[in-house]
Amino acid sequence: MEPTINIADLLAEFGSFYRAGSQNVKDVRVKLMQPSVTELFFTSRLTTSTRLELANSSITRVLQAYQSAFTPIGDTTFKPQIITLDHLKIDAKILPHDLMESWMGFLVENAQKPADTPLVKYWLENLVIPKFHEDLETYEIFKGIKAPIVPGTASAPGASMNGIKEKLKAAGTNVITVGAVPTDPVEFCEYVEQIVAEIPELIRTKIKRVAMNPNLELRFKQGKRAKYNQYYAQDTDLLKLADFDCSVAGLPSHTGSDVIWTTIEDNKIIGNKNPKNQTTFDIQVENREVKVLTDFHKGVGFWTNDLVYRNDVVL
């Protein structure tokens, strides 16, 4: 379906003509949009390639009892790890002249060329770019499952890239059996504590944040308040686990999912190729129509899958 500007309500209320007045951009409020929170949860890596090529090294036992003979032990292994970046784009268009005879006419007046109208700058900065971040957070970075391209047809929501949920299914990630997520806040607080407690100590001491959906983050806060703050000194940091040096983190991208997962900070990677293209566009004019185009690569993943731990809900 071709994108359009819908100003039917504007015309009905203010009329189908432009009358110069005091109205300006400050009188136009943009609908609240979800920023891209989850991307900041990951460690960013810039690349000029379409994939991040990483490696993991390990060695078996080297310590042994002394003897004068040389008895070497210790097998060294290097294993590759690849995080594929998905090719994404933004294609959008607008016809500034559609606003000329309306209350919004101040955004298109006094510009001979359509691309020079104030509308185009306003549209990109206040609508297109924020909507890109919302789309990334809502549909792609967690829930996305890349689908085959249909020539000439825009991809469906959630079909542009392979998100975190797909990466949590990968071989090598650790599944901790704790059962269904409790609805009782205190039981849920204990549930999260159990997940972290079952992670091997060496890894657990390096974990800082446990990812979950925002409603579960709230449930944890309510549970911790009820469990620990009834009779003892009040703990003001309700996101921090009582016995471990880590906190829960509610990510909007996880909304609707009961998966809870964690890993060490530098093990969660988001790769970006041509990141500047996420805010700069090729602006083209065809007759009176303004088209904006850009493309870039982005991909999430883990450097080492065996450092990733999650609960045993179905993904």
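Residues numbered from 1 in each chain as written. Predicted model: local features only at pLDDT ≥ 70, side-chain atom pairs only at ≥ 80, totals over all residues. Heavy atoms only, no water.

J.: Would you mind going over the overall build of the chain with me for this structure?
T.: A tally of regular secondary structure across the chain gives seven helices and twelve strands. Considering the chain as a whole, with its 315 residues, one finds that 38% of them fall into the buried category. Summed over its atoms, the accessible surface of the chain is roughly 18,300 Å², and 53% of this surface lies on carbon and sulfur atoms. (Helix = DSSP H or I, 4+ residues; strand = E, 2+ residues; numbered from the N terminus. Buried < 20%, exposed > 50% of the residue type's maximum accessible area, 1.4 Å probe, protein only. Areas by Shrake-Rupley, 256 points an atom, 1.4 Å probe, with all protein chains shown as cover.)

J.: Just to check I follow, could you spell out the sheet that holds strand S6 (residues 209-212) for this structure?
T.: Strands belonging to one sheet form pairs held by backbone hydrogen bonds; the direction of such a pair is parallel or antiparallel. On the basis of which strands lie adjacent, the open sheet formed by five strands has the order S5-S12-S8-S6-S7 and mixed pairing. Bordering the open sheet on either side are strand S5 (174-176) and strand S7 (247-250), each of which pairs with just one other strand. As judged from the two bridges shared by S6 and strand S8 (residues 261-262), these two strands associate in the antiparallel manner. Paired with Val210 across the two strands is Thr262, which belongs to S8. Contacts from helix H7 (residues 214-228) reach S6 and S7, with the element oriented near 145 degrees to S7. (Pairing = 2+ DSSP bridges. Contact = heavy atoms within 4.5 Å. Axes fitted to C-alpha atoms, helices over the stretch in contact; angles between N-to-C directions.)

J.: So what exactly am I meant to see when it comes to helix H3 (residues 118-140) here?
T.: Given 3.6 residues per helical turn, the α-helix brings residues three or four places apart onto the same face. A rise of 1.5 Å per residue sets the reference length of H3, with its 23 residues, at 33 Å; its end C-alpha atoms lie 31 Å apart and thus fit the reference within 8%. Maximal helix bending in H3 amounts to about 40 degrees, located at Leu124. Of all the positions in H3, only Leu119, Val120, Tyr122, Trp123, Leu124, Val128, Ile129, Phe132, Glu134, Leu136, Glu137 and Glu140 are classed as buried. Against helix H2 (38-41), strand S4 (86-94), strand S10 (282-286) and strand S11 (289-302) lie the buried residues of H3. (Expected span 1.5 Å × (residues − 1). Bend = angle between axes of the 7 residues up to and from the residue.)

J.: So what exactly am I meant to see when it comes to the nonpolar core here?
T.: Proteins that are soluble and globular tend to have nonpolar side chains buried together. Judged by nonpolar contacts, the single largest core of 61 residues is most densely connected at Phe188 and Ile260. Listed by contribution, the elements that provide at least two residues to this core are S4, H3, helix H4 (164-168), helix H5 (185-197), S6, H7, S7 and S11. The contacts of Ile260, once residues within four sequence positions are left out, are Phe188, Tyr191, Val192, Ile195, Val210, Ala211, Met212, Leu216, Tyr309, Arg310 and Asn311. Of all hydrophobic cores here, the second largest spans five residues; its members include Leu52, Leu54, Ile83 and Leu85. (Core = buried A, V, L, I, M, F, W, Y, C linked by side-chain atoms within 4.5 Å.)

J.: In this structure, what is going on with the packing of H5 against H7? I would like to understand it.
T.: Packed helices, taken two at a time, are described by their axes: the angle between them and the distance between them. Running from N to C, H5 and H7 point in directions that differ by 100 degrees, and their axes come no closer than 7 Å. Considered as vectors, H5 and H7 are oriented roughly perpendicular to each other. Every residue of H7 that contacts H5 at Pro185, Val186, Phe188, Cys189, Glu190, Val192 and Glu193 is listed here: Leu216, Arg219, Phe220, Gln222, Gly223, Lys224, Ala226, Lys227 and Tyr228. For the contact of H5 with H7, the class distribution of residues is nine nonpolar, two polar and five charged. (Parallel < 35°, antiparallel > 145°, perpendicular 65-115°, else oblique. Nonpolar A, V, L, I, M, F, W, Y, C, P; charged D, E, K, R; others polar.)

J.: I would appreciate a short explanation of the packing of aromatic side chains in the present structure.
T.: Between two aromatic rings, the relevant description is the distance of the centres plus the angle of the planes. All told, the structure shown has seven aromatic pairs when counted by the stated rule. Counting every residue linked through ring pairs, the aromatic cluster contains Phe41, Phe42, Trp261 and Phe302. Looking at Arg219, its charged tip hangs above the ring of Phe188, at a distance of 5.8 Å from the centre. Above the face of the Phe41 ring, Lys268 is positioned so that its terminal group lies 4.1 Å from the ring centre. (Phe/Tyr/Trp six-rings, centres within 6.5 Å; stacked < 30°, edge-to-face > 60°. Lys NZ or Arg CZ within 6 Å of the ring centre and 35° of its normal.)

J.: Teacher, can you tell me more about the side chain of Ser253 here?
T.: Along the chain, Ser253 falls in the loop between S7 and S8. Owing to a relative accessible area of 0%, Ser253 belongs among the buried residues under this scheme. What Ser253 contacts, discounting residues up to four positions off in sequence, is Thr38, Glu137, Ile141, Phe142 and Lys143.

J.: Help me understand the pattern of salt bridges in this model?
T.: Charged atoms that come close allow side chains of opposite charge to pair. This model, assessed by the stated rule, comprises 14 salt bridges. Glu134 is the salt-bridge partner of Lys131, the closest N and O atoms lying 2.5 Å from each other. One end of the pair is Lys131 and the other is Glu134, both in helix H3 and three residues apart, which spans about a single turn. Taking the relative accessible area as the measure of exposure, Glu134 reaches 14% and is therefore buried. Between Lys131 and Asp135 there is a salt bridge, with the nearest N and O atoms lying 3.7 Å from each other. Taken together, the positions of Lys131 and Asp135, both in helix H3 and four residues apart, correspond to about one turn of that helix. The network of salt bridges with common partners includes Lys131, Glu134 and Asp135. (Salt bridge = Lys/Arg side-chain N within 4 Å of Asp/Glu carboxyl O.)

J.: Would you explain the environment of Gly172 in this entry?
T.: Mapped onto the elements of the fold, Gly172 is located in the loop between H4 and S5. The spacing of Gly172 and Val308 is 136 residues in sequence and 8.2 Å in space, taken between C-alpha atoms. In contact with Gly172, not counting residues within four places along its chain, are Asn305 and Asp306.

J.: Can you walk me through H5 in this structure?
T.: Over its 13 residues, H5 extends 18 Å from the first C-alpha to the last, a length consistent with the 18 Å expected when each residue adds 1.5 Å. For H5, the set of buried residues is Phe188, Cys189, Tyr191, Val192, Glu193, Ile195 and Val196. Tucked into the core, H5 has its buried residues touching S5, helix H6 (201-204), S6, H7, S7 and strand S12 (309-311). Capping of H5 at its N-terminal end is provided by Asp184; its side-chain oxygen lies 3.1 Å from the backbone amide nitrogen of Val186. (Polar contact = N/O pair within 3.5 Å; in protein donor to acceptor, adjacent residues only side chain to side chain.)

J.: Help me understand the side chain of Asn267 in this model?
T.: Within the element layout of this structure, Asn267 appears in the loop between S8 and strand S9 (268-273). In this structure Asn267 touches Gly301, Phe302, Trp303, Thr304, Leu307 and Val308, once residues within four positions along its chain are discounted.

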